[in-house]
Amino acid sequence: MKKTITLILAFLLLCFGLSACTDLKDNNDDNDGGNENSSPTTAANILVAYFSCTGNTENIAKMIARETGGALHEIQPQIPYTEADLDYYSGGRADREQADPAARPAIANSVENMPDYDVIFLGYPIWHVQAPKIIYTFLESYDFAGKTIVPFCTSGSSGVGSSADNLRPLAQNADWKNGTRFSSKTTESEIKAFVEQLNLDLKTDTNMLKIAVGNTTLTASLADNASAAALFEALKKSPVTIEMQDYGNFEKVGALGFSLPRSDEYFTTEAGDLILYQGNQFVIYYDTNSWNFTRLGKIENITASELRSILGSGNATVTLSV
Ligand SMILES: Cc1cc2nc3c(=O)[nH]c(=O)nc-3n(C[C@H](O)[C@H](O)[C@H](O)COP(=O)(O)O)c2cc1C
């Protein structure tokens, strides 16, 4: 009986893994909204570093980056994993690495400004109930003394188990939070609750703006101009709630209730741009439009389709705060 259950579990794991591998994510895709190798502009100098071959961990990492305003960093293997490499219980590359205590797969890229980060979210898929060995390589590549590390993982069905505990000796001087496993059905509001319960000691940054929409809070960086500075000062006094309407199939727009100085220029928007229109209208762009308007800021780490689904198709009520 026990043997039958084990076989069924192994079969289910195999099916999940195989179906996930038929659509390997592009490991060299650098158009992921990441902030690699540039100085952090985030609220608490947060880095969201992750390794992901089939996109599950990447989705969670992006949600954490959106929620925290953290910079995204994909840990890219020097030799990308092929479908055959990931075919587990086949004796393939991933199986062999996980079975070899000395395996340390090389990493192609690096975090140049690691000393600047205070909090590192570290994401990985569960491979044979542990973190992939490339996570060991990553942890041995930097000095994490005094930093907070928040491990998180995705899996077919296994929990976080001992995977995070077994990483601790690799960065002994860090403050490790407990590991958390996320399913592929995890919502933005679950990520928000996860981040809140961590009670991270976040530094505030005059460069950041929060946009609450339903259960989601998006973080945006403010533009470097007098208009954004005036908005920041207004929001310091009190948050502002705006009733926004959908317009042109590319934006949500609504009255701020007060005017800001204009620094209009002609440009083409992209998803995530925050714009001041006619001095008193706040606009969130989820698609492109070319016009004369003033930049107020940008929601980082978000694609057009992600932003569309968060804002919904019709009217939206958003609350801005700092
Ligand atoms: C080599 C290998 C071993 C795996 N071992 C497990 C496991 O022990 N338990 C489990 O639930 N899932 C296991 N999986 C499934 C992955 O954890 C799961 O598909 C994960 O979400 C993939 O994340 P990614 O899309 O970010 O690469 C394994 C996958 C691979 C490739």
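Values in this document were obtained by computation on a predicted structure and should not be read as measured data. (Residues numbered from 1 in each chain as written. Predicted model: local features only at pLDDT ≥ 70, side-chain atom pairs only at ≥ 80, totals over all residues. Heavy atoms only, no water.)

A. Region of interest: helix α7 (residues 226-237). With 12 residues, α7 extends 17 Å from end C-alpha to end C-alpha; this agrees with the ideal 16 Å at 1.5 Å per step. Those residues of α7 that sit buried are S227, A228, L231, F232 and L235. Down the axis of α7, the sector holding all buried residues measures 140°, keeping them to one side. Projecting away from the buried face of α7 at angles above 90 degrees are the exposed residues A226, K236 and K237. Two to three positions downstream of the cap, the backbone nitrogen of S227 sits 3.2 Å from a side-chain oxygen, assigning the N-cap of α7 to N225. (Helix = DSSP H or I, 4+ residues; strand = E, 2+ residues; numbered from the N terminus. Expected span 1.5 Å × (residues − 1). Buried < 20%, exposed > 50% of the residue type's maximum accessible area, 1.4 Å probe, protein only. Arc of directions from axis to C-beta. Polar contact = N/O pair within 3.5 Å; in protein donor to acceptor, adjacent residues only side chain to side chain.)

B. The arrangement of the pattern of salt bridges in detail. Tallied over the full model, the rule gives 15 salt bridges. Between E140 and R104 there is a salt bridge, and its shortest N-O distance comes to 2.9 Å. Here E140, found in the loop between α5 (133-139) and β4 (148-154), pairs with R104, found in the loop between α4 (93-99) and β3 (119-125); they are 36 residues apart in sequence, far enough to count as distant. A relative accessible area of 45% means that E140 is categorised as partly exposed. Among the salt bridges present, the one from K236 reaches E233, with a minimum N-O distance of 3.4 Å. Here K236 pairs with E233, and both are found in helix α7, just three residues apart, close to one helical turn. Looking at K236, the relative accessible area reads 51%, which means it is exposed. Note on E233: relative accessible area 40%, which makes it partly exposed. Among the ionic contacts, a cluster of salt bridges with common partners joins E265, E270, D273, R295 and K298. (Salt bridge = Lys/Arg side-chain N within 4 Å of Asp/Glu carboxyl O.)

C. Focus on the pairing of strand β1 (residues 46-50). In terms of residue burial, β1 counts as a mostly covered element, since five of its five residues are buried. Side-chain alternation along β1 places I46, V48 and Y50 on one buried face and L47 and A49 on a second face that is also buried. Where β1 meets β3, five bridges bridge the pair, whose relative direction is parallel. By the bridge assignment for β3, L47 is matched with I120. (Pairing = 2+ DSSP bridges.)

D. Unusual backbone geometry, seen in detail. Located in the positive-phi region is Y89, a residue other than glycine, with phi close to 65°. Relative to the helices and strands, Y89 is located in the loop between α3 (83-86) and α4. By relative accessible area, which is 53% here, Y89 ends up exposed. For V129, which is not glycine, the phi dihedral falls at a positive 55°.

E. Representation of the pairing of strand β12 (residues 273-277) in the model. With four of five residues buried, β12 is to be regarded as a mostly interior element. Taken together, the four bridges between β12 and strand β14 (residues 290-299) define a ladder with antiparallel strand orientation. Bridge pairing in β14 links D273 to K298. Pairing of β12 with strand β13 (residues 281-285) involves four bridges; the strand directions are antiparallel. Its bridge partner lying in β13, L276 is registered against F282. Linking two consecutive strands that pair antiparallel, namely β12 and β13, is a turn of three residues; a positive phi of about 55° is found at Q278 within it.

F. The arrangement of the site of the ligand in detail. The immediate surroundings of the ligand are formed by 21 residues, with S52, T54, T57, I126 and S158 found nearest. At 2.7 Å from an oxygen atom of the ligand is found a side-chain nitrogen or oxygen belonging to T154. At 3.0 Å from an oxygen atom of the ligand is found a main-chain nitrogen or oxygen belonging to G156. Counting residues per element, the ones that place at least two in the shell around the ligand are α1 (2-21) and α2 (56-68). Taken together, the residues of the shell around the ligand sort by class into 10 nonpolar, 11 polar and no charged. (Near = heavy atom within 4 Å. Nonpolar A, V, L, I, M, F, W, Y, C, P; charged D, E, K, R; others polar.)

G. Representation of the packing of aromatic side chains. Tallied over the entire structure, the rule returns 14 aromatic pairs. Ring centres 5.8 Å apart and planes at 65° place the aromatic pair F51 and Y81 in the edge-to-face group. Residue F51 is located in the loop between β1 and α2, and its partner Y81 is located in the loop between β2 (71-74) and α3; the two are separated by 30 residues in the primary sequence. Under the relative-accessibility criterion, F51 is labelled buried at 0%. Judged by its relative accessible area of 4%, Y81 falls in the buried class. The ring of Y136 carries K133 above its face, with NZ or CZ at 5.7 Å from the centroid. One cation-aromatic arrangement involves R295 over F267; the distance from NZ or CZ to the ring centre is 3.8 Å. (Phe/Tyr/Trp six-rings, centres within 6.5 Å; stacked < 30°, edge-to-face > 60°. Lys NZ or Arg CZ within 6 Å of the ring centre and 35° of its normal.)

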